[in-house]
Amino acid sequence: EPTFLDGNTAIVYQHQLTLKIYSFRILSYKMIDIEELIGLIERLEASDELSLSEDKIITSLNHLIESCHIPRIDHSEDVPYTVQDFGVAVKSAETQLIYISRYFGSLCTASDNGRNFSNLFKRNVVVNCLLLASEFTEADCAWSNSKLAHASQSLIRKICHFCKVDKVSQILICNNASIKMSNNDVSDSLSDRVIESPEGYLNLLLQNLAKKCNKNMWKKYPAKVHSYYWILTLLDHHSLGDNLSYLLPPALFILDDWEKRHKILGLNCLSLILKNTSSSELRWFGRAAVIYDAIKPIMFSREPDILELFYPVCFDVIKALDTDPKNTEKFKKITLYDIIMQQLLREMAHEQKIALRKIYIQILHQAISYMGIYIVRWTDEIIEVSQDYAATYDGPKAEDRIQTVKVLQIYVQQSWPQVHVVASKILKIIVRLLYDVTLNDPHVEKESVDEVFSECCALVKLLKAVAPRTTRDLCRGIETIHVNSMANSYIQEIKSIVTS
């Protein structure tokens, strides 16, 4: 029986294939006759029924899809949405998505039985159903759940079957080597083959999303924003670059929001865009510079999960800017990397929170790798920070200490012509660290101590490779240091590495 919500909306819960006659009002306040709908499905599934009008199918399917979309949020943008804002919509979607999935399954059956649908019909139903299914792909969204996520994946599989492809990304991206020609230049048969290929579905999807994912509307349609991100994860570098005018603006709108979850989503979107777009395409129309200006304020954030995403995105966009041919053979006293490195080392030098220290030491490794030989400008600051992090207890696994040794390894690799100047300080860090983990900090796990020693040995080998004479002179007599049996064995091993 109908269950009435808020006195106006009636949702029919259906668990059987045959239904009694019900007419119920959907969220868009349009009426759908369930008996008529089931009749359409049965006629589509009948192998001898080929006369059903495509307009009739599209009209009924679109009405059902419209009832299932997550509606806009009308409250103030200063108030974040919660699960309670989508209670009615979720219950309605649970019912409607089952019908839509079965409806689309009947289209697959009709297609398998020999019915040929027009190209316009295919594009209409595929685009509309994909947009709907993309809203519920994740069960942890406020407007979704495990039931809806399962139904969404089922619908996507049926769409792939209908389009005769293996993966949904093939619907968005044309993998066939079709030559795009105007209809006037080719025969009808060739024109049909080009039109029937999945080429064009992506553009239609993005055009549809652009109506809601604009600067003024995107926050009122969180499900559409999720659809945008879902599509972004499926694109390769070819299709992403061709549609950058559609894909980049929403990422910048989302990033500029005050909510933490939106900043994280915006950074994830920019990360996908930067990794799948060439540097030259990013520099067109000043896009890379715009991205850099948009993300730069996030550098001063104190949220570990935001900073963890920010720095890789920042390094990627700086790489795109620095590879501009105009900068060839030009030596800059200060680069954008130096600006980021200055802020990073300043934060590291005075940070006391373990969570932030863990992020900073991981990011420092990436920063040194990106800067290359220019990292010698920051030698004193890096050594000072490494001394602090190697001497600070961070837990039984000693993750930050291990990462500190790896930072020194990449520093030696990138700045090898100048390593002999600071080789003494690096070796002191190694000896002090081995002393701490074997005697001074008894709570460090044995496996972590072994890993610390292994990374220290790798660092000593690098020192020996780039500055053999200096390293040998500095390690002369190191075996005479007596700490404890474990530390003594480690130091003796280091001595053997240097002298071998």
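This is a predicted model, so every value here is computed, not measured.

(A) Geometry of the side chain of Glu94. Positionally, Glu94 belongs in helix α3 (residues 87-112). No salt bridge is formed by the buried Glu94; its nearest oppositely charged neighbour, Lys147, is found at 4.3 Å. What Glu94 contacts, discounting residues up to four positions off in sequence, is Asn145, Lys147 and Leu148.

(B) Inspection of the packing of helix α17 (residues 354-371) against helix α19 (residues 399-414) at higher detail. The geometry of α17 relative to α19 is characterised by a closest axis approach of 9 Å and an angle of 15° between their N-to-C directions. The angle between the axes of α17 and α19 places the two elements in the roughly parallel class. Note on packing geometry: the crossing formed by α17 with α19 is left-handed. Contacts between α17 and α19 involve Ile354, Arg357, Lys358, Ile361, Gln362, Leu364, His365, Ile368 and Ser369 from the former and Glu399, Asp400, Gln403, Thr404, Lys406, Val407, Ile410, Tyr411 and Gln414 from the latter. Of the residues assigned to the contact of α17 with α19, the class counts are 7 nonpolar, 6 polar and 5 charged.

(C) Up close: unusual backbone geometry. A positive phi is found at Lys164, a non-glycine position, where the angle reads about 60°. Examined against the element boundaries, Lys164 turns out to sit in the loop between α5 (146-163) and α6 (169-172). Lys164 sits in the exposed class, given a relative accessible area of 61%. Phi at Phe285 is positive, roughly 60°, even though this residue is not glycine. As for its position among the elements, Phe285 is in the loop between α13 (279-283) and α14 (287-295).

(D) Structural view of the confidence of the model for the chain. Summarising the model, the chain shows a mean pLDDT of 82, and 83% of its residues fall at 70 or more. Of all the helices and strands in the chain, strand β3 (residues 23-25) carries the lowest mean pLDDT, 31, while α19 carries the highest, 96. Considering only residues more than four positions removed or in separate chains, one finds that residues 1-33, a stretch of pLDDT under 50, has 60 contacts. In this model residues 175-199 is a low-confidence stretch, pLDDT under 50, and it forms 22 contacts with partners more than four residues away in sequence or in other chains.

(E) Up close: the packing of helix α4 (residues 119-134) against α5. Contact pair α4 / α5: the axes reach a minimum separation of 10 Å and the direction vectors enclose 160°. In this view, α4 runs roughly antiparallel relative to α5, as classed from their interaxial angle. Handedness of the α4/α5 crossing: left-handed. On α5, the residues that touch Phe121, Lys122, Val125, Val126, Cys129, Leu130 and Ala133 of α4 are Ser152, Leu155, Ile156, Ile159, Phe162 and Cys163.

(F) Focus on the nonpolar core. Phe162, Ile171 and Tyr228 are the most contacted members of the largest nonpolar core, which totals 150 residues. Among all residues touching Phe162, those that are not within four sequence positions of it are Phe104, Leu107, Cys108, Ser111, Phe117, Phe121, Lys122, Val125 and Val126.

(G) Region of the structure containing the pattern of salt bridges. Considering all chains together, one arrives at 18 salt bridges under this definition. Here Glu259 ties to Lys219 by a salt bridge, and the two come within 3.4 Å at their closest N and O atoms. Of this pair, Glu259 sits in the loop between α11 (244-255) and α12 (260-275) while Lys219 sits in the loop between α8 (201-210) and α9 (222-234); the two residues are 40 residues apart in sequence, bridging distant segments of the chain. Owing to a relative accessible area of 6%, Glu259 belongs among the buried residues under this scheme. Residues participating in the shared-partner salt-bridge network are Lys219, Asp257, Glu259 and Arg261.

(H) Molecular detail of the packing of aromatic side chains. Overall, the coordinates contain 12 aromatic pairs when judged by the stated rule. Pairing Tyr311 with Phe315 gives two aromatic rings, centres 6.1 Å apart and planes at 40°, and the pair type is tilted. A residue pair is termed a helical-turn pair when its members lie 3 or 4 positions apart in one helix, as Tyr311 and Phe315 do in helix α15 (residues 304-322) at 4 residues. For Tyr311, a relative accessible area of 0% corresponds to the buried category. The exposure class of Phe315 is buried, given its relative accessible area of 1%. Counting every residue linked through ring pairs, the aromatic cluster contains Phe310, Tyr311, Phe315, Tyr337 and Tyr370. It is Lys212 that lies over the ring of Tyr221; its NZ or CZ is 4.7 Å from the centre. Across from the ring centre of Tyr81, 3.8 Å away, lies the NZ or CZ of Arg261, which sits over that ring.

Parameters and conventions
Residues numbered from 1 in each chain as written. Predicted model: local features only at pLDDT ≥ 70, side-chain atom pairs only at ≥ 80, totals over all residues. Heavy atoms only, no water. Helix = DSSP H or I, 4+ residues; strand = E, 2+ residues; numbered from the N terminus. Buried < 20%, exposed > 50% of the residue type's maximum accessible area, 1.4 Å probe, protein only. Lys, Arg positive; Asp, Glu negative; His and termini not counted. Salt bridge = Lys/Arg side-chain N within 4 Å of Asp/Glu carboxyl O. Contact = heavy atoms within 4.5 Å. Axes fitted to C-alpha atoms, helices over the stretch in contact; angles between N-to-C directions. Parallel < 35°, antiparallel > 145°, perpendicular 65-115°, else oblique. Left-handed = near helix turned anticlockwise from the far one by under 90°. Nonpolar A, V, L, I, M, F, W, Y, C, P; charged D, E, K, R; others polar. pLDDT = per-residue confidence, 0-100. Core = buried A, V, L, I, M, F, W, Y, C linked by side-chain atoms within 4.5 Å. Phe/Tyr/Trp six-rings, centres within 6.5 Å; stacked < 30°, edge-to-face > 60°. Lys NZ or Arg CZ within 6 Å of the ring centre and 35° of its normal.

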